[in-house]
Amino acid sequence: MGRDIKVFLFSQVVVEYLNTARHRLNNTVGQPKQLQDSQTAMSQRRAIPVSLNSPTQSVCVVGTPATVDIYGSAPLDATTFDIEGSTGVELKVVNRLSNETIQKEAGKWPLDRNLEVSVITTKPSTEPNDIKVNVTYYAKSEKSGPSSAVLHLTSIELSLNVDLHRNGTVSNEKTKKASWTWGPEGHGAVLLVNCDRDNKSSKNMDCVDKSHPCSTDVKDMSPMFLRSRGPGTIFEKYTVALNIAKDEVDKVGVFMERSDADLQYHHILGGSTAYYEVSCSGKEETKFYVEGLSFPDVNFLGLVSIKLTLHDKRKQSLPDSAIFTDEVVFRIAPWIMTPNTLTPLEVFVCSVPGNTDFLEQLINLVKKANCKLTICTEADNRGDRWIQDEMEFGYVEAPQKSFPVVFDSPRNGPLQYFPFKHILGPDFGYVTREPEDPKEVNDLDSFGNLEVCPPVTVDGKEYPLGRILIGGKCPINGGLQMSKVVRDFLNAQKVQPPLELWSDWLLVGHIDEFLSFVPAPDRKGFRLLLASPTACYQLFRQKRKDGHGDAVMFEGLEVENLTINEILSDQELKKDSEYVQSCIDKSRDLLKKELGLAEKDIIDIPALFKLGNNLLASAFFPDMVNMLVLGKHLGIPKPFGPIIGGKCCIEEEVRYLLEPLGLECNFIDDFYPYHRHHGEVHCGTNVRRKPFTFKWWNATLN
């Protein structure tokens, strides 16, 4: 007997599936293409069959249209029909071709296959099958009486909800959540890559750690709520499941909140798990928390989707068996760099043999700027002083949370373990990119070669978070470039489109050797500083004209002292500096074009360069654009220029150029610990800054 019942149920399932397939086939085969196109959205709806023999039962989700297959069981002589529903259901008859609602005439509709009948329930059922729909068929001949089919519906509410409007509140809105758009009027939820380390007992980032998250870790995640309402017994016959596409399963993780377990947050999706069945009683809101596992990159746009499906357990093995599908889309927050114009919070520097005096001067400057100072000890830096080259500070942000993230460069010098061991921690994230072949790493992969400009507008296009600047090869002659994995990563973040400048004419090859940005109270809110041999020669010629040709440079240092006259008569140095000026001018023209700058936005800082045997340039005296910017307080390499009237004429020129902007010039002696090693103040320091107030998702991208 039991076996007979199973056979009957299976037969009924197959008949219903075949009726649905026949319904779809009959509505498309032989139709004009424009009719087929207009039917696409409708044909994707589930078709509920009805029967003249016995009432049909089905489940509907509140607010989701379902098609009633009135044709599969219609009597052969039927020409018209009528359909009525009880309280809690809306009925609609639509012309497939025009997608217009059709009104019935004389209480009936024509039994025309161009018409589609849909039902929409408006509230959850209190009991199973408490909503009724009656279909009545009429034949042309009055001798044939009407025939009736009855449909019993159970209505449930089922939805997956996220922070759709990016305001920190989970929205119950049903539309738009399956897409993601940019701009202040845009929509779509945001995920953070959970790349900090809140679990103090862990040795890795939270997104790598497989243990259950602590309460502070969950705050880094984005909420996602599953709302289910309806008769509890109905959920015993249906499967509610969450799933992630296979190509996205390693990009996102999902935790479910459980109050009935020792472990409050249970990992259910992500990593290697793409499917999870959720137990629903019809009276609760199940809370999930979602984390990003990977930043956007060359093969990953940063978008991930999570689907909710409802299946009839009897039909789950059949194709296209989902009764209902809901979907939410997240965009993983990009890594964002911070320019010099943002408020400094913390300065990093290394303690190495010979830089004690430098550290004392830096400590005084940091106190003026009211910043925190972190000194990396010799035990941790292992003699590596170039902390700017090892890492770059940025941040990630979602509506509910923001935290800084250090980007560890692939240079892997003696400082290589410092960012991971000593910076990664609670609410402080970590990311790195390294080529598969370590031989691909070159000097341009150090992050003194990675800068970002302040916000700019160029020909009406806004860059509210600025543009990343990297140094690379000459666009004509070829040469070195920053590693492709790093460039790909930076490009994939989208919100700060990178601009590549020519820098491999330099011995070290970093753009911080010839440019910097300082805040300003007018124009664009900043000035671009460029190293300028031309400005230096103009200054020296003027001083010689004023009778100071014998003024001495490098006074007090254990190097050859040179007068202004000797420098101006050095034809090799002049030739080298003219070449360097032509290199800088190429970047000057590109920066003006790509950042929308005028000459008034640029300040030329005196500098001289010399070429080595390899025809690569290095600074002749401490390179002042390679400065530390802490608000209005500038830590500028002391140039040791010619002394005139008891003052360095180069320092006085820089004060004249910068102090009218409200900036304070503090000249720091870095000659022996940094300059003699082909670096300056900026190369030997690093700064964590406040994030932008502008929300990256409000950017308008093409």
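Residues numbered from 1 in each chain as written. Predicted model: local features only at pLDDT ≥ 70, side-chain atom pairs only at ≥ 80, totals over all residues. Heavy atoms only, no water.

1. Concerning the overall build of the chain
- Scanning the chain for helices and strands turns up 13 helices and 42 strands.
- Relative to a compact globule of 702 residues, whose C-alpha radius of gyration would be 27 Å, the chain shows 35 Å and is clearly more extended.
- By its C-alpha atoms, the chain is 125 × 55 × 45 Å across when sized along the principal axes.
- Across the 702 residues of the chain, 53% fall into the buried class.
- Pairs at least 24 apart in sequence give 74% of the contacts found in the chain among residues at least 6 apart.
- By element, 49% of the accessible surface of the chain is carried by carbon and sulfur atoms, the whole surface being about 31200 Å². (Helix = DSSP H or I, 4+ residues; strand = E, 2+ residues; numbered from the N terminus. Rg over C-alpha atoms; globule rule 2.2 N^0.38 Å. Buried < 20%, exposed > 50% of the residue type's maximum accessible area, 1.4 Å probe, protein only. Contact = heavy atoms within 4.5 Å. Areas by Shrake-Rupley, 256 points an atom, 1.4 Å probe, with all protein chains shown as cover.)

2. Description of the side chain of S159
- If you trace the backbone, S159 turns up in strand β9 (residues 147-162).
- Separated by 3.2 Å, the side chains of S159 and N161 make a polar contact.
- S159 has contacts with K174, K177, F225, L226, R227, L308 and D326, leaving out every residue within four places of it along the chain. (Polar contact = N/O pair within 3.5 Å; in protein donor to acceptor, adjacent residues only side chain to side chain.)

3. With respect to the sheet that holds strand β24 (residues 429-432)
- Ordered in space as β19-β22-β23-β24, the 4 strands form an open sheet in which the pairing is mixed. With partners counted over all chains shown, the strands left at the sheet margins are β19 (336-337) and β24, one partner each.
- Relative to β24, strand β23 (residues 401-408) is paired through 4 bridges, and the arrangement is parallel. Bridging from a neighbouring strand, V405 pairs with G429 of β24. (Pairing = 2+ DSSP bridges.)

4. Thoughts on the pattern of salt bridges
- Within this structure, the stated rule accounts for 25 salt bridges.
- Notably, a salt bridge pairs R227 with E157, separated by 2.8 Å at the nearest N-O pair. A residue pair is termed long-range when its members are at least 10 positions apart, and R227 in strand β11 (residues 222-229) and E157 in strand β9 qualify at 70 residues.
- Among the salt bridges present, the one from K251 reaches D250, with a minimum N-O distance of 3.0 Å. (Salt bridge = Lys/Arg side-chain N within 4 Å of Asp/Glu carboxyl O.)

5. Some remarks on the sheet that holds strand β20 (residues 344-350)
- If you walk across this open sheet you meet the 3 strands as β21-β20-β42, and the pairing is mixed. Bordering the open sheet on either side are β21 (372-376) and β42 (685-689), each of which pairs with just one other strand. This sheet shows a mean twist of 20° between the axes of neighbouring strands, independent of strand direction.
- Sheet analysis places β20 next to β42, joined by 5 bridges and oriented antiparallel. (Axes fitted to C-alpha atoms, helices over the stretch in contact; angles between N-to-C directions.)

6. Some remarks on the UniProt feature "active site" (unreviewed entry) in the chain
- UniProt's entry tags D389, H510, D512 and C683 with the feature "active site" (unreviewed entry), counted in the numbering of this structure. A maximum C-alpha distance of 10.4 Å is found for the annotated residues, which run over 295 residues; spatially they form one tight group.
- Topologically, D389 is positioned in helix α7 (residues 387-390).
- Taking the relative accessible area as the measure of exposure, D389 reaches 7% and is therefore buried.
- With residues near it in sequence (within four places) discarded, D389 still touches S409, R411, S446, F447, G448, H510 and C683.
- Turning to its location among the elements, H510 is positioned in the loop between β29 (499-502) and β30 (515-519).
- When residues no more than four places from it in sequence are discounted, the contact partners of H510 are D389, D443, S446, G448, N449 and S503. (UniProt positions renumbered as here; feature names shortened; annotations may be inferred.)

7. As for the confidence of the model for the chain
- For the chain, per-residue confidence averages 90 on the pLDDT scale, and 91% of positions sit at 70 or higher.
- Low pLDDT, under 50, characterises residues 1-44; the predicted model gives this stretch 45 contacts beyond four residues in sequence or across chains. (pLDDT = per-residue confidence, 0-100.)

8. A closer look at the environment of S125
- Along the chain, the position of S125 falls in the loop between β7 (115-121) and β8 (131-139).
- Residue class for S125 comes out buried when judged on its relative accessible area of 7%.
- C-alpha separation for the pair S125 and Y674, spaced 549 residues apart in sequence, amounts to 75 Å.
- Those residues in contact with S125 that lie beyond four places of it in its chain are D130, I131, L153, T154, S155, G230 and P231.

9. Digging into the packing of helix α10 (residues 533-545) against helix α13 (residues 649-658)
- Taken N-terminus to C-terminus, the directions of α10 and α13 make an angle of 120°; their axes are 11 Å apart at the nearest point. Of the two elements, α10 crosses α13, and the hand of that crossing is right-handed. Touching L539, F540 and K543 of α10 are C649, I650 and E653, all from α13. (Left-handed = near helix turned anticlockwise from the far one by under 90°.)

10. Structural notes on unusual backbone geometry
- Positive phi is not limited to glycine here, since D459 has a value of about 50°.
- Residue position: D459 is located in the loop between β26 (456-458) and β27 (461-463).
- Of note in the backbone geometry, F640 takes a positive phi value of approximately 55° without being a glycine.
- Mapped onto the fold, F640 is located in the loop between β38 (633-637) and β39 (643-644).
- Taking the relative accessible area as the measure of exposure, F640 reaches 11% and is therefore buried.

11. Some points on the packing of α10 against helix α12 (residues 571-595)
- Between α10 and α12, whose axes approach to 8 Å, the crossing angle comes to 135°. Considered as vectors, α10 and α12 are oriented oblique to each other. Contacts between α10 and α12 involve P533, T534, Y537 and R541 from the former and L573, K574, S577, V580, Q581 and I584 from the latter.
- For the contact of α10 with α12, the class distribution of residues is 5 nonpolar, 3 polar and 2 charged. (Parallel < 35°, antiparallel > 145°, perpendicular 65-115°, else oblique. Nonpolar A, V, L, I, M, F, W, Y, C, P; charged D, E, K, R; others polar.)

12. Regarding the pairing of β9
- With 13 of 16 residues buried, β9 lies mostly within the body of the structure.
- As judged from the 6 bridges shared by strand β2 (residues 56-61) and β9, these two strands associate in the parallel manner. Counterpart to Q57 in the pairing with β9 is H152.
- In this structure, β8 lies alongside β9, joined through 7 bridges in antiparallel fashion. Residue pairing in the sheet places I131 in a bridge with L153 of β9.
- Pairing analysis gives 6 bridges linking β9 to β11, with the strands arranged antiparallel. From the neighbouring strand, V162 faces β11, where its bridge partner is M224.

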